[in-house]
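# Structural overview
Take a look at the letters that make up each chain.
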Amino acid sequence: MTTSAKHASGVDAPATLAEPPDESQHGFSRRSLLASGVAVGVGAGLASFESAASALATKPASHKLGEGDAAILRFLATAEILETDFWQQYNELGGVQDSEVPGGSGSKRYTEALEVLDEDMPQYIHDNTEDEFTHFTFLNAYLESRGAEAVDLKQFATLSSSKATGAQQIGRLTNLMELTVDTSWWTRYRSSSKNLDLGDSFAQAVPDLAKGSFPAIPRSDTDLAPEDHIQAIANTAGFHFATIEQGGTSLYPSLAQRVNDPEVLRVVLSIGPTEAMHFQTWADKAGNAPSLTDPTNRLEFPDLNVAPFGGEEFQTNLIMPEPTVFLRKSLPIVSIVRPTNTQGIAMGVVEFLTAMGLFKGQSQDFFDALHTLAAEADAAKR
Ligand SMILES: [Fe+2]
Ligand SMILES: [Fe+2]
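In what follows, the accompanying structure is described. (Residues numbered from 1 in each chain as written. Chains lettered and ligands numbered in written order. Predicted model: local features only at pLDDT ≥ 70, side-chain atom pairs only at ≥ 80, totals over all residues.)

What follows is about the overall build of the protein. When helices and strands are counted, the protein shows 11 helices and 2 strands. For the protein, the sequential pattern of α-helices and β-strands runs α-α-α-α-α-α-α-α-α-β-β-α-α. Looking at the protein residue by residue over its 382 residues, the buried ones come to 39%. Sequence separation of 24 or more characterises 73% of the internal contacts of the protein that already satisfy a separation of 6 or more. (Helix = DSSP H or I, 4+ residues; strand = E, 2+ residues; numbered from the N terminus. Buried ≥ 20, exposed ≤ 12 C-beta atoms within 10 Å, placed from the backbone. Contact = placed C-beta atoms within 7 Å.)

So this is what it looks like as structure tokens:
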């Protein structure tokens, strides 16, 4: 029985390969013909298939997005708008302010403290900010190009800016001055036997950051001294960068699993890995944050290379993902993004960002809007 089933499928295989295109491909061909018909009619005569195909490739998709796909893209646009809002704040004070990422004039002392992690930090902050700006701008434009509503959170930009010299005085969506930073991604990506998707938990790299409430940008020029205080603020930013970008690294593959339209899948799969590129860079830089204790609030950045830290779980030059268990512990370990569970991921991200303190001071209307966008994305089905 088994053998004959195998045999039957073996016989089937070549036939399947030789089959004519399926219905959707038929549909596509019909549309290509219609699209190229006009060109042929105006005298191109022997318009090549290539030119018809390339005309089609530059033509925006005209069919309207399904509700689920639109909700997923809207939630992603929301996350990207929020990311852009705080990356912009980092760039104004510690990045490169130029025509690509305008706004602010820099804080010399804060920028120097960031450069202790890597002399290229201002450039990386600038580039990450620019990337986020293009992420939400593209997603919103794409939504509209497919007949769906874009996301606009401007009415919620009511939070105060830093009073430090270099920051613009404008309303913000996010608050970088009272953060509680979860640094468990550090050990989560170094474990070879645990996975958050399988219910495991992970130690913090900087335990204090997960408990208190700390600024990641100077709140005013008073924060620029003493030296270990402004360095602790820059260190907090350094870890926060990776905490955020590992979130994006998980968010895209988690939502991709419930996308229906192939082009929407392409959008999600093409943006998602850039979050991983950011995460990898920031994970490397966070390892350069000097160990110190902030004299103003006792926030401690431990030396991650010595006991009780150190070893596979903490050593700072181990920046690549360690292969670990995935799906089922009976399967071999594999190097993967983690977590990628799709159930409730959007609301999970909202809770993660809220617990981080990123929205401290925001209105109930803001949280209501955010929860609605997340609930709609989580309701999307394949
Ligand atoms: Fe992004
Ligand atoms: Fe990002």
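Back to the text.
Positionally, Gly212 belongs in the loop between helix 7 (185-188) and helix 8 (227-256). Excluding its chain neighbours within four sequence positions, the residues that come into contact with Gly212 are Thr180 and Leu299.

Here is a general trend for soluble globular proteins: nonpolar side chains tend to be buried in one another's company. Counting 46 residues, the largest nonpolar core has Tyr110, Ile217, Ile233, Ala234, Ala237 and Ala242 as its most contacted members. Considering each element in turn, this core owes the most residues, 9 residues, to helix 8. Setting aside residues up to four positions removed in sequence, Ala237 forms contacts with Tyr90, Leu114, Ala216 and Ile217. (Core = buried A, V, L, I, M, F, W, Y, C linked by C-beta atoms within 7 Å.)

Those residues of helix 10 (residues 345-355) that sit buried are Ile345, Ala346, Val349 and Val350. For helix 10, the buried positions fall inside an angular range of 145° around the axis, keeping them on one side. Buried-residue contacts for helix 10 involve helix 4 (67-94), helix 8 and helix 11 (364-379). (Arc of directions from axis to C-beta.)

Running from N to C, helix 4 and helix 11 cross one another at 140°; their axes reach a closest spacing of 8 Å. It follows that helix 4 is oblique to helix 11 by the angle criterion. The chirality of how helix 4 crosses helix 11 is left-handed. Contact residues: Ala71, Ile72, Arg74, Phe75 and Thr78 in helix 4; Leu370, Leu373, Ala374, Glu376, Ala377 and Ala379 in helix 11. Looking at side-chain class alone, the contact of helix 4 with helix 11 contains 8 nonpolar, 1 polar and 2 charged residues. (Axes fitted to C-alpha atoms, helices over the stretch in contact; angles between N-to-C directions. Parallel < 35°, antiparallel > 145°, perpendicular 65-115°, else oblique. Left-handed = near helix turned anticlockwise from the far one by under 90°. Nonpolar A, V, L, I, M, F, W, Y, C, P; charged D, E, K, R; others polar.)

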